[in-house]
Amino acid sequence: MKPLNQLIRPNIKNLKPYSSARDEYTGEAAVFLDANENPFNQPYNRYPDPYQRKVKQKISEFKNVSDKNIFLGNGSDEPIDLLFRAFCEPGIDNVVSIDPTYGMYQVAADINNVEVRRVLLTDEFELDVEGLLSACDDNTKLLFICSPNNPTGNCFRKVDILDLLRRFDGIVVLDEAYIDFAPEKSLLSKLSDYSNLVILQTFSKAWGMAGIRLGMAFASSDIVEVLSNIKYPYNINVLTQEKALELLDNESNKQYWVSQLLAERDNMQVALADLSFVVKVYPSDANYLLIKVNEPKAVYDFLVSKQIIIRDRSSVSLCEGCLRVTIGQPAENSLLLEALTMFEK
C-alpha cells in the first residue's frame, strides 16, 4: 500500500476540521450554556455525542475491535461517500469495482465525479483477481468488494481477497453487510495485518434495524481519523444512538432472527427449484436468493398484481433472467410460493 498521506486528497490533508461545542468539552456538567441549545425538552434538546463514544465502546466489546478503529455513519452509504471525498480527486482519480455488485458505489462515484472501472465476475460469480489488478493504475485509490455480494449472494474466496489486499496499492473496501448470514467469518481479525483494509458492516440486515440508519466502518485509526475529520459534526442522532445501545444489549434476538432466516432460506431454495419456470436457484450466503427464471418480467408483474414485491435483476450484468427474492417470515414466504404456483398454472 502507498503511504496514506499519498492517497489522501491534498485539500483534505490540509483541512482544519470543524470544532463543535461537544468537541471542546466532553464531560458532565451542571449547566450547559455552550452550544446555543434550547434549555427545554430534555434530553432531546442536547446535541448528540459527535463521536458516539458509548455506542463505539459497546461495538468494540462486541466485535473485539478497538473503538479507535470504528467509524459510525448514517447507514453504510455515508462512509462509502466519505471515502470518495477523502481519497479521490474529482475528474482525476478512479476506483475499481466488481460487476455486478451493490449500486451505491457507482452512485457515490458519479456524485463525486470519479471514474468507476468495473470488472466482471467470473461465470461462477468469483473474483477475477488479475482482471481487477489490471484495471488499476497510479490514480486508482479504492477497490470495492462486496462479500457476500449483492445481488449474487455468494461470499468470495478469502484467499482472493487477501491476495488483493497484498497486491493493491490503494484502499480495499470490503462490504460485509450480509456477513451474519454467511458461513464465512468476517475479516475484522485482519485489520491489524492490512492498513489498507476498510470493512463495512450494518445494523440494517441481521439486526433488523434498517430504519435507524446506522452503518459501521472498521479501519486503521489513521483512516478513521480522516473520515471523522470530514463527516458532518452530529451525523448520528440521539435516537439512533439510544436504539443501537438497546439492540446491542439484546444480541439473542439477532441470533434468533438469523437462525430463523437461514432455515427459511434453505426451505425456499428447495421450494423455488421445484417450480417449472425456475431455471436455477443460485447458492446464497445472504438473506436473499437469486433465481433465474423464464420470463422474468411476467413473473415480476404477476407478483406485483398479488401485492408481493421482489426485485427484478434481469438487466444487471451476468444476471440475465434473474429475480432477487428476500427471505421473509414463514407466512410471507408461503404467500410468495402460493402466488408463484398460481403463475405456474
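Residue positions are given per chain, counted from 1 along the sequence in the order it is written. With the structure being a predicted model, the display of local features is reserved for residues of pLDDT at least 70 and the display and counting of side-chain atom pairs for 80 or more, all residues being used for whole-chain, interface and lining totals. Calculation of side-chain values draws on the structure's entire complement of heavy atoms; hydrogens and water are dropped beforehand.

*Asks:* A description of the pairing of strand β11 (residues 322–326) should follow, citing residues and the corresponding values.
*Replies:* Counting buried positions along β11 yields 4 of 5 residues, so the element is predominantly enclosed. Whether two strands pair comes down to DSSP finding at least two bridges between them. Only DSSP runs of H or I reaching four residues or more are called helices, and only runs of E reaching two or more are called strands; each is numbered from the N terminus. Judged from the 2 bridges that link them, strand β10 (residues 311–312) and β11 form a sheet pairing that is antiparallel. Across the sheet, the residue bridging to R311 is R324, located in β11. Each residue is placed in one exposure class: buried if its accessible area under a 1.4 Å probe, protein chains only, is under 20% of its type's maximum, exposed if it is over 50%, and partly exposed if it falls in between.

*Asks:* So, the environment of V316: which residues are in play, and what are the values?
*Replies:* The topology assignment puts V316 in the loop between β10 and β11. Assessed through its relative accessible area of 17%, V316 is described here as buried. With 217 residues separating them along the chain, V316 and D99 place their C-alpha atoms 8.7 Å apart. Not counting chain neighbours up to four residues away, the residues in contact with V316 comprise P100 and P151. Whether two residues touch is decided by their heavy atoms; if any such pair falls within 4.5 Å, the residues are in contact.

*Asks:* Outline the packing of aromatic side chains, listing residues and values.
*Replies:* Pairs were defined over the aromatic rings of Phe, Tyr and Trp, the Trp ring being its six-membered one, requiring ring centres within 6.5 Å. Orientation was assigned from the angle between planes: stacked under 30 degrees, edge-to-face over 60, tilted for the rest. Under the criterion given, the structure shown has 10 aromatic pairs. Ring geometry for F203 and W207: centres 5.6 Å apart, planes at 45°, overall tilted. Residue classification places F203 among the buried residues on the basis of a relative accessible area of 1%. A network of ring pairs unites the aromatic residues F84, Y102, Y105 and F144 as a single cluster. Between R85 and the ring centre of Y232, over which it is positioned, the NZ or CZ distance is 6.0 Å. Lying over the aromatic face of Y288, R324 brings its terminal NZ or CZ to 5.5 Å of the ring centre. Placement of a charge over a ring requires the Lys NZ or Arg CZ to be within 6 Å of the ring centre, with the centre-to-atom vector within 35 degrees of the ring normal.

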